[in-house]
Amino acid sequence: MSRIDVNKTYKLFIGGTFPRSESGRVYEVKAANKKFLANPALASRKDLRDAVVAAKSAQAGWASATAFNRGQILYRIAEMMQGRADQFTEEIVALEGVTNKVAKLQIEEAIDTWVWYSGWCDKLSTYAGSQNQVAGPFYNFTTPEPLGVVAIFAESKPSLLGAVRTLAPVMAGGNTAVLIASENFPLPAITLGEVLSTSDVPAGVVNILSGKTSELYPWIGSHMEIDGVDVAGLSKRQEDELKLVGADNLKRISRFSTANHPERILSFMEQKTIWHPIGI
Amino acid sequence: MMFDGSQASLRKFLSDLPPVDQVGADARAAMLATRSIKTSSKAWAIDMAISMVDLTTLEGADTPGKVKSLCAKAVRPDPTDLTVPSVGAICVYNDMVKTARAELDLIGGKSIPVAAVATAFPSGRASIEVKKLDTQNAVDAGANEIDMVIDRGAFLSGKLIQVFEEIQIIKHICGDKAHLKVILETGELVTYDNVRKASFLAMLAGADFIKTSTGKVAPAATAPVVLVMLEAVRDYFTMTGKKIGVKPAGGIRTTKDAIKQLVLVNETAGDQWLTPDLFRIGASALLNDLLMQRMKLRTGHYASANYVTID
Amino acid sequence: MSKFEYANAPESKAIANIATNYGLFIGGKFVEPKQGKSFNTINPASEELLAKVGYADKSDIDLAVKSARLAFNKVWSKLPAKERGKYLYRIARILQERAREFAVVETLDNGKPIRESRDTDIPLAAAHFFYHAGWADKLEYAGFGSKPKPLGVVGQIIPWNFPLLMLAWKIAPALATGNTVVLKPAETTPLTALLFAQVCQQAGLPDGVVNIITGDGVTGAALVNHPDINKIAFTGSTDVGKAIARSISATKKTATLELGGKAANLVFEDAAIDEAVEGIVNGIFFNQGHVCCAGSRLVVQESVADELLEKLKKRMSLIRVGDPMDKNTDLGAINSKEQLTKIREISNSGDAEGANRWSPEVKLPAKGYWYPPTIFTGVSQSHRIAREEIFGPVLSVLTFRTPGEAIEKANNTMYGLSAGVWSDKGAKILWAAKQLKAGVIWSNTFNKFDPASPFGGYKESGWGREGGRHGLAGYLSSEAKASK
């Protein structure tokens, strides 16, 4: 008799721990070949609330870490992902129904994305800041700073890359994140949480929820502690509705058309301008 | 009060004073310079400024004749218009004090004080014995006011108590015969923080007036320096209830400059300082410009320099 | 009665040629509004009528947007960037030439002291055009890609507190980046914008590049909702800013929003106290406190609070309130009856909630809208006067014990436009500047503006930046962002 595999329970990732949904709900995720794959947690609005609390409390620490330190941690994530490449391959192949080769390419690109954004962490104010030549005896400079808590609706497919290329820039800018995994292709994003938890990412910096996008996005739109949203995984209609309620606290809401770009980081940063007199 | 006479406590007191932000002080002075003083207020300001002028001659080429003619100007700045007030004082070197006092007394200027510069003016580089004698001579000759210079070298090298004690010694010589004006020579102190510290040091040591400059060093009485000194006398008054005078000297040549000074006084120390007892302007050329502007206001047309006397 | 009373020194009104009627400026010409409606603009210092101004409705806006679109398609987008820049230089020069006239009209229409319109508003407006003129042919070096593209037609809505200056903040970058504009000045202060229309004519600016339509909030909403607008640039209240964000939520339009504030001005015990007092006065009484970035909350370290407040009160007693046209006036008229009512209402809540009000003795003119310089002490974070934007000469004073507490209080607001820090210790200033959640931090100074310096807020104080290199981004299409 052949050995029975020990299957993984796909749970939420909140504040550095892996809880089930407080609601006790799960939903079935099927493979591309329609076979049962897993019962990930079906996050509720209370799970979202907890995730935002975790993200908010981790915010100051992550924002005040040195840019060098943030870069090191993002690079560490790349290293850890490389080590788990096989596991991600399996998940992607099963979920997306692609070949091993295609899945591997996706993983490699995801790893390289971490490396690319890792290198951005300590170059942001050089690239996007300025010293401004004002007409007077003042030293005046502008520097980008983290926005705060950013919610991310990960792209559905490619399932891993779609999570990484939305998450990495948000982290690089010093924000903390609540990532909503793709509803239909959530598993690699959930597994990403396991990578993050072993990559020196402080607890709460990234929180990952799986569940129904349609159930979560109105709560994200109206959550006053969320400062920005990447709506990659939302439909246009959902995006419009989120923008409408998001106006209540003037959320910074973006959707990007290019893959890796510094604007993905800077759209979730604020520019701060500081004046000081020059005198004796 | 806050100071027991030791170097340590003097240093502590002065370093506890709030700092001055140069750019902010410059901006405040520049803003006050935009005040537009017209018609009746201008007429009032011109007469007030005339009564505050310390009419000064401090030249190697000074002679009794020159000093006497300055005295005449001091008593009756405009001989054709007796409504013009007399000036605040005559300011001379100590060897001219006797001449000035006698001349003023002779021509109806008994109430006009004679101020003598002292303590090895303008550099202050002499032994304390020389400075004492310099002062004593002037007081003996009838000086009503002594304009002493501080030892800037000592101040800048941190020997604050030495500067302090020198002022005390000179104050003692002045006694109740002469008012003491202490010249900080702000152009050599350079920073506004130093100006504020030196102002307080001088007031603590017994100055009746603090004065910006000798007139021999540029920059002299710039508006922000005067602003900082006016803040110092205002705050010293709050602390002690004593009113100390301020005398800007050097670089104030036009009526416009003088009125800007009065605006500074009005909006910094307050209008209680708008009296020759508490504010003087050390100048020579200024007086004629004030007289010409006064003529312009009275007659309505621009005046000619030919109508004011040169002295 | 002071010994040294300053006699009246009124600026001459003769230089201001205000017409009795103004139409809308559309397609390079002044035209009558289609419905023939108009409204009055008055001098808030005297309540005298200054002019009747055309009221634009939907059909007028449609005409203005069409004219801007035509100018964008046929002329402005085809013009070499260098030539575009030269038009902006011309405008800057004409503003400098006619500076006094603009200052007088601004003061008459707005109520602000002539010293401020003359020394701040108008020179800065000209400087904005000069600065952005230089960018026009250098955009490929601005860091927004090698071929930055304009957005098209921009709808711009500006407030009444700095009428010409806000116009310059809006029009100069829009034109420099190659957009055309339809601008709506505030209902109570349309005159310098209409005068600016004449400047565009004098500069020979192609017809339709700048269109100026006058009206009220309804007019503004119609402009926001016009389907052929690519972008909205708005400066005004947070409530209206949010309404605009909602209006455009399902459209392709982008927006820059410069909204309200409740800035904290932190004074540490080691500050240069006299300059801090000046900074506090400038922070809240500049422009009657009608400043979105006004330092309306003084947060002072307890150890120096008494000394500072005593000095502040003395200083406030010297503030000269009255005729804005007098060159010596420091605090002019409140811009409108409506605004005065609002200032009174929120300030009265300060009394009701137990804060202590203090104002120097001032004689307010009988006619016009006036409010004395006012401070409230004994204010706590929960008071309305510590939370709501008053937009008037009213300062709330709070105290703190430790630097951490200072930052907490400063950041405890939904706004994040500006903040002030006063300390003589460089390390402390940089520490505080880093902690403060605000787009502009003035350390040892306050209310300084410059075209080269980006301006804009965190949190509910807005979206985007205006001024400097960063301000260009809002008028260029993004390389990386998806357009719907």
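A quick note: this is a predicted structure, and the numbers were derived from the prediction, not measured.

**Thoughts on the overall build of chain B**
A count of helices and strands for chain B gives 13 helices and 8 strands. Here the C-alpha atoms of chain B give a radius of gyration of 19 Å, agreeing with the 19 Å that 2.2 N^0.38 yields for 311 residues. For the C-alpha atoms alone, the extent of chain B along its principal axes is close to 60 × 45 × 30 Å. The 311 residues of chain B split such that 56% are buried. Sequence-distant contacts in chain B: of pairs separated by 6 or more residues, those separated by 24 or more amount to 76%.

**Quick word on the domain arrangement of chain C**
Residues and elements named next belong to chain C. According to the domain assignment, chain C consists of domain 1 (21-259 + 460-475) and domain 2 (264-450). Inter-centroid distance (C-alpha atoms) of domain 1 to domain 2 is 30 Å. Counting residues at the interface gives 20 residues for domain 1, matched by 25 residues for domain 2. The set of elements that each furnish at least two residues to the side of domain 1 that touches domain 2 consists of helix H3 (99-110) and helix H4 (114-135). With 4 residues, the top contributor of residues to the side of domain 1 that touches domain 2 is H4. Its residues assigned to classes, the side of domain 1 that touches domain 2 comprises 7 nonpolar, 7 polar and 6 charged.

**Looking at the pairing of strand E11 (residues 264-267) of chain C**
Strand residues, when the strand is regular, have side chains that alternate between the two faces of the sheet. Residues and elements named next belong to chain C. The alternating pattern of E11 places Ala264 and Leu266 and Asn265 and Val267 on opposite faces, both of which are buried. As defined by bridge partners, E11 adjoins strand E12 (residues 297-301) across 4 bridges and the pair is classed as parallel. Opposite Leu266, over in E12, you have Val299 as the bridge partner. A crossover connection joins E11 to the parallel E12 through helix H9 (residues 273-285); in handedness this β-α-β unit is right-handed. The sheet contact formed by E11 and strand E16 (residues 418-422) spans 4 bridges and is parallel. Paired with Leu266 across the two strands is Val421, which belongs to E16.

**Considering the sheet that holds strand E4 (residues 38-43) of chain C**
The 3 strands are arranged E1-E5-E4 (chain C) in an open sheet whose pairing can be described as mixed. The outermost strands of the open sheet, each flanked by one partner alone, are strand E1 (21-22) and E4 of chain C.

**Describing helix H11 (residues 223-240) of chain B**
All names here are of chain B. End to end, H11 covers 25 Å across 18 residues, agreeing with the expected 26 Å (1.5 Å per residue, within 8%). Burial within H11 is extensive, with 14 of its 18 residues counted as buried. In the segment just after H11, Gly241 is the residue with positive phi, at about 80 degrees.

**Some details on the interface of chain A and chain C**
Listed by partner, the interface residues are 33 residues for chain A and 35 residues for chain C. Contributing elements (two or more residues each) for the side of chain A that touches chain C: strand E4 (138-146), helix H9 (236-246), strand E9 (252-254), helix H10 (262-266) and strand E10 (269-277) of chain A. Looking at which element gives the most residues to the side of chain A that touches chain C, the answer is E10 of chain A, with 8 residues. For the side of chain A that touches chain C, the per-class residue count stands at 10 nonpolar, 13 polar and 10 charged.

**Let's talk about the environment of Trp422 of chain C**
All names here are of chain C. Note on placement: Trp422 falls in strand E16. Residue Trp422 is classed as buried on the basis of its C-beta count, with 32 C-beta atoms lying within 10 Å. As for Trp422 and Phe268, which are separated by 154 residues in sequence, their C-alpha atoms are 5.9 Å apart.

**Let's talk about the sheet that holds strand E5 (residues 179-183) of chain B**
Residues and elements named next belong to chain B. Taking strand neighbours across the sheet as the criterion, the 8 strands line up as E7-E6-E5-E4-E3-E2-E1-E8 in an open arrangement whose pairing is parallel. Each edge of the open sheet is held by one strand with a lone partner, namely strand E7 (245-247) and strand E8 (281-283). Between one strand axis and the next, the sheet turns by 25 degrees as a mean value, whatever way the strands run. Alignment of strand E6 (residues 209-211) against E7, held across 3 bridges, turns out to be parallel. Its bridge partner being in E7, Ile210 is matched across the sheet by Val246. Each of strand E4 (145-149) and E5 is contacted by helix H8 (residues 160-174), which is oriented at about 155 degrees to E5, the strand it contacts most.

So, how was this worked out
- Per chain, residues are indexed from 1 in the order of the written sequence.
- Here chains are named by letter from A upward and ligands by number from 1 upward, in the order in which they appear as written.
- Local features in this predicted model are restricted to residues of pLDDT 70 or higher, and side-chain atom pairs are both shown and tallied only at a pLDDT of 80 or more, whereas totals for entire chains, interfaces and linings draw on every residue.
- Each helix is a run of H or I in the DSSP string that is no shorter than four residues. Each strand is a run of E no shorter than two, and both are numbered from the N terminus.
- Throughout, radius of gyration means the C-alpha value; the globule benchmark is 2.2 Å times the number of residues raised to the power 0.38.
- Between the buried cut of 20 or more and the exposed cut of 12 or fewer other C-beta atoms within 10 Å of a residue's own C-beta lies the partly exposed class, and all C-beta atoms are placed from the backbone.
- Contacts are defined on C-beta atoms placed from the backbone: any two residues whose C-beta positions lie within 7 Å are in contact.
- A domain assignment, automatic or from a database, supplies the domain bounds used here.
- Throughout, the ten residues Ala, Val, Leu, Ile, Met, Phe, Trp, Tyr, Cys and Pro are labelled nonpolar, Asp, Glu, Lys and Arg are labelled charged, and all others, Gly among them, are labelled polar.
- Two strands pair if DSSP finds at least two bridges between them.
- When the strands point away from the viewer, a crossover counts as right-handed if the path from the first strand over the helix to the second runs clockwise.
- Given the number of residues in a helix, its expected span is that number minus one, multiplied by 1.5 Å.
- Lines fitted to C-alpha atoms define the axes here, with helix axes fitted over just the stretch in contact, and angles between the N-to-C directions of these axes take values from 0 to 180 degrees.

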